[in-house]
Amino acid sequence: MATRKKPEELRSHRWLGVSDLRSFGHRSRLRQYGFDHVDWGKKPVIGIINTWSDINTCHSHLRQRAEEVKRGVYQAGGFPIELPAMSLAEVFVKPTTMLYRNFLAMETEELLRSHPIDGAVLMGGCDKTTPGLVMGGISMGIPMIYVPAGPMLRGNWQGKILGSGSDTWKYWDEKRAGNITEEDWNEIEAGIARSFGTCMTMGTAATMMAIAEALGLVLPGFSSIPAPDSNHTRMSAVSGRRIVEMVWEDLTPDKIITKEAVDNAIKVHMAMGGSTNAMVHVVAMARRAGIDLKLKRFDELSREIPVIANVRPSGKYLMEDFYYAGGIRALMMELKDKLDLNCMTVSGKTVAENIQGAKVHNADVIHGLSNPISKEPACAILTGNLAPDGCVIKPSAADPRLLKHKGPALVFEDYNHMASLIDRDDLDVTADHVLVLKNGGPQGGPGMPEWGMLPVPTKLVKQGVRDMMRVSDARMSGTSYGCCVLHVSPESFVGGPLAFVKTGDMIEVDVPARKIHLHISDEEMAKRKAAWKAPEKKYPRGYGAMFSEHIGQAHDGCDFDFLKVTGEKVPEPEIH
Ligand code: FES
C-alpha cells in the first residue's frame, strides 16, 4: 500500500483527538467505562456491527465471536466498539426478513456515520444480513471487513444426512404422501439443526457469504468454515487485526468492489449453484458501489460457468463437506482461468495471492469445469410478455423435463388463497398445470416473501408428483428446489402482466430460449389491463408505509429509491 494514514487523519480524531468542550465530553464518558488516554486519540476506532440476538440461532455464537474480533483489534493497536444491529433471523421474522434488509442497510450506514468510527467489522450470515450489512457498509465508504457467521454442522436422522430447508421440504412431501410417520417427522425436527451457524445447504446464507468473499470483503477461505470450528474463532481474531491495518492503509470498499470484482462474485455464485435470492442482493450491492448491474449479466455468466459445487439443493453434499474438500479457495482455484485475479481484497492481497496453493481434496464435492455436476446452469433469466423486466429460474435444481413446458394456468390470487386450496382432493389440477401465485412481490407480499416454491398440490403428491411448473413474483429460499419461475417483474401488485393471468390461460416456459409467454393476444392483455383495479396499499403508517412508497422492483435489486447512488456525498456529522 502506498501511503499510511496519520493519527490526526483518522475520522475518530474529530471526536477524541482534539481539545475542546465536546471532546472533553466524549473522553470523560469513555473514562466512565474505565478506559484511559492510552486507549484513544492515536488508535483507529473499530465499529463492530453485530447482528447477534437471542432469537437468531444462526448467529448465537456471534456474541462470543465479537470478543474474539475485539481481541484482534486490541492486538493490532485499535480500539473496538461493539454496536448491535437488527438481527433478521430468517425463520422467525414475519412477514419476511426481506422487508427489513434495507432497514438493516440503513441502520448499518447510520450507526457507522453517527459514531466516531474509522473502520467496520460487519458480523452476519443469516440470509438478508450479509447484503444488508454490506450495502450499508458500501454506502458509508469507510474500510470494512465482513465476518461471516459460517454454516452449522450437518444434520442427522437415523443415519441419514439432513440439510437445512432442502430436507424439510423433501420430508414434508413424504409426510403428506403418507410415507413417513409423525414420530419420524418429530425426530427430523430434532436432528436437522445440530449446532449454531447458518443453514448448511447452498441456501441464501452460504451463497451470500461466498459472494461476500468473492467480492473481496472476507479474509481468504473464511466464508466456508463451519461456525463451531476453532478456525472460525481464529479467523475472527485475524479479521479484528486486519481491519486496524486496513484503516491505516485507507483500504476503502470502492478500491475493492469494482465491476471485475462483481463479475467474480457472480461467477462464484454460478459455480456454487447458489440461491436465486443472490440476483436481487448482488444487483443492490453493486448499485450501492455505483456499478449499474443488470439481470442479463447473470444470464451471460451462467452460460459460461457451470455448477461445480456438489452441494444441496443442486447437488448431494453440505457446506461442512465443502469446507473439508478445500472450501471456496479451492473452488476459486478451479475457476482461476475465468476470474479476474488482479482484484484487490480485504487481505491487502489480490485474488491470485489469496488462492495460491489452494487444492481440491475431494473431487466428488468440488468438481472441475470440464466435469460439472449439472448440465443446467444455476440461474437463467427469462423475459417475455409475462415478465417484460425479467424473471429468474434455477434450472440446476429443477426437473429437467419441465424446462420446456406449456400448460394451463391455475391461478392463486394471493398466498392465503393458495393455502386454502392446495390440500383439497377436489382441486382441478394435473401435473401439467402451471401454478401461478400473484401478490408475492416487493409491494404485494409485502417484501417478496419466499413463497415461490409453491407446494405441489397434496392430491398430486399422493400420485407421486414431486415437481411441476410454478410462476410467481415472490422469491424462494435458496434451500428450495423445483421448477419455479420467480421474481416476475414488474410484480402483479403494481399492475405487471402477472396480474392479468386467469385460470385456464396457457403459459409457456422455454428455459433454453430464455422465454416465458402468456398465450393471450395483445388486445386481450390490454383489455384485462384496462379492467384491472390497483389493490389498496397495505400500510397506513410506519416503516411499512415508507417501504411501500420507496421500494424498487426485483430486477432493480429492491433498494429504496432514496438510497441509490446519486454521485453526491452524504455530509459527515457536525460535531458540536
Ligand atoms: Fe439463518 Fe437459514 S435460517 S441461514
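These numbers were taken from a predicted model, which means no experiment stands behind them.

Description of empty space enclosed by the protein
For the structure shown, the criterion picks out two cavities of 30 Å³ or more. Approximately 80 Å³ is the volume found for the largest cavity. In terms of lining residues, the largest cavity is bounded by Glu213, Ala214, Gly216, Val218, Leu219, Pro220, Arg329, Met332, Thr345, Val351, Asn354 and Ile355. Among the secondary structure elements, those contributing two or more residues to the lining of the largest cavity are α8 (204-215), α14 (327-334) and α15 (351-355). If one sorts the elements of the lining of the largest cavity by residue count, α15 sits on top with three residues.

Notes on the packing of helix α3 (residues 62-75) against helix α9 (residues 230-249)
One way to put it is that α3 packs onto α9 with a least axis distance of 7 Å and a crossing angle of 40°. By the angle class used here, α3 and α9 are oblique. Between α3 and α9 lies a crossing of right-handed hand. Across from Arg65, Glu68, Val69, Arg71, Gly72, Val73 and Gln75 in α3, the residues of α9 making contact are His232, Thr233, Ser236, Ala237, Gly240, Arg241, Ile243 and Val244.

A few points about the packing of aromatic side chains
Here the structure, examined in full by the defined rule, presents 14 aromatic pairs. For the ring pair Phe547 and Phe560, a centre distance of 5.9 Å and an interplane angle of 80° mean the geometry is edge-to-face. You can see Phe547 sitting in helix α19 (residues 542-550) and its partner Phe560 sitting in the segment after α19, a full 13 residues away along the chain. Across this residue pair, the class does not change: Phe547 and Phe560 are buried. Ring centres of Phe560 and Phe562 lie 5.4 Å apart, and the angle between their planes is 20°; on these two criteria the pair is classed as stacked. Residue class for Phe562 comes out partly exposed when judged on its relative accessible area of 38%.

Brief notes about the pattern of salt bridges
Applying the stated criterion across every chain yields a total of 42 salt bridges. Among the ionic pairs, Arg312 bridges to Asp167, the shortest N-O distance being 2.5 Å. Pair noted here: Arg312 is in the loop between α12 (295-304) and α13 (319-324) and Asp167 is in helix α6 (residues 166-176), with a separation of 145 residues, a long-range link. Since its relative accessible area comes to 16%, Arg312 is described here as buried. Between Glu450 and Arg475 there is a salt bridge, with the nearest N and O atoms lying 3.1 Å from each other.

Overview of α19
Within α19, the full set of buried residues consists of Tyr543, Gly544, Phe547 and Ser548. All buried residues of α19 fall inside an arc of 135° around its axis, so they share one side. Here the buried face of α19 lies against α4 (101-114).

Concerning the sheet that holds strand β2 (residues 79-84)
An order of β2-β1-β3-β4 is seen for the four strands of this open sheet, with the pairing classed as parallel. Every other strand in the sheet has two partners, leaving β2 and β4 (144-148) as the edge strands with one partner each. In this sheet, neighbouring strand axes are inclined to one another by 20° on average, regardless of whether the strands run parallel or antiparallel. As judged from the five bridges shared by strand β3 (residues 119-124) and β4, these two strands associate in the parallel manner. Bridging across to β4, Val121 finds its partner in Ile145. Contacting β1 (45-50), β2, β3 and β4, α3 crosses the sheet at an angle of about 160° to β2.

Things to note about the nonpolar core
In this structure, Phe298, Phe322 and Leu331 are the most contacted members of the largest nonpolar core, which totals 120 residues. Setting aside its immediate chain neighbours within four residues, Phe322 contacts Ser224, Met272, Ala309, Val311, Gly327, Ile328, Leu331, Val365 and Ile366. By size, the runner-up hydrophobic cluster in this structure holds 29 residues, among which are Ala380, Val434, Val501 and Ile516.

Concerning the layout of surface pockets
Volume-wise, the second largest pocket comes out at about 840 Å³. Every residue lining the second largest pocket is counted, 31 residues in all, and those nearest its centre are Ile138, Ser139, Met140, Lys569 and Val570. For the lining of the second largest pocket, the leading source of residues is α4, giving four residues. Broken down by class, the residue content of the lining of the second largest pocket amounts to twelve nonpolar, six polar and 13 charged.

Notes on unusual backbone geometry
Residues Lys94 and Pro95 are joined by a peptide bond in cis, for which omega reads 0°. Among the structural elements, Pro95 can be located in the loop between β2 and α4. Here Gln158, not a glycine, exhibits a phi torsion of approximately 50°, which is positive. With respect to the helices and strands, the residue Gln158 is situated in the loop between β5 (155-157) and β6 (160-162). Positive phi outside glycine occurs at His487, with the angle close to 60°. Looking at the secondary structure, you find His487 in the loop between β12 (484-485) and β13 (506-510). His487 gets classed as buried once you look at its relative accessible area, which sits at 4%.

What counts and how
- Within every chain, residues take consecutive numbers counted from 1 along the sequence as written.
- Note on the predicted model: pLDDT of at least 70 is required for a residue's local features to be given, and 80 or more for side-chain atom pairs to be given and counted; whole-chain, interface and lining totals, by contrast, use all residues.
- As a rule here, side-chain values cover all heavy atoms of the structure and leave hydrogens and water aside.
- A cavity here means a set of 1 Å grid points, computed over protein atoms only, where a 1.4 Å probe fits but cannot escape. A pocket is an open set with protein on both sides within 12 Å along at least 5 of 7 lines, and lining residues have an atom within 4 Å of a point.
- Grid points are joined across faces, edges and corners, and a volume is the space filled by probe spheres set on the points.
- Secondary structure follows DSSP: runs of H or I at least 4 residues long count as helices, runs of E at least 2 residues long count as strands, and numbering of each begins at the N terminus.
- Every axis in this analysis is a line fitted to C-alpha atoms, fitted for helices over the stretch in contact. Angles between the N-to-C directions lie between 0 and 180 degrees.
- Comment on the angle field: the value is read as roughly parallel under 35 degrees, roughly antiparallel over 145, roughly perpendicular from 65 to 115, and oblique elsewhere.
- Here is the rule for handedness: rotate from the far helix to the near one, and if that takes an anticlockwise turn smaller than a right angle the crossing is left-handed, while a clockwise turn gives right-handed.
- In this analysis, two residues are considered to be in contact whenever any of their non-hydrogen atoms come within 4.5 Å of each other.
- Centres within 6.5 Å make a pair out of two Phe, Tyr or Trp rings, where for Trp the six-membered ring is used; the pair is then stacked when the planes are under 30 degrees apart, edge-to-face when over 60, and tilted otherwise.
- Exposed residues in this analysis have more than 50% of their type's maximum accessible area, buried residues have under 20%, and partly exposed residues fall in between, with area computed by a 1.4 Å probe over protein chains only.
- Any carboxyl oxygen of Asp or Glu that lies within 4 Å of a side-chain nitrogen of Lys or Arg is treated as forming a salt bridge with it.
- In this description, the arc belongs to the directions extending from the helix axis to the C-beta atoms.
- Only strands that DSSP links by at least two bridges are regarded as paired with each other.
- For our purposes a nonpolar core is just a set of buried Ala, Val, Leu, Ile, Met, Phe, Trp, Tyr and Cys residues, chained together by side-chain atoms within 4.5 Å.
- Put simply, Ala, Val, Leu, Ile, Met, Phe, Trp, Tyr, Cys and Pro go in the nonpolar bin, Asp, Glu, Lys and Arg in the charged bin, and everything else, Gly too, in the polar bin.

Honestly, that's just the spatial picture; any functional story needs more than this.
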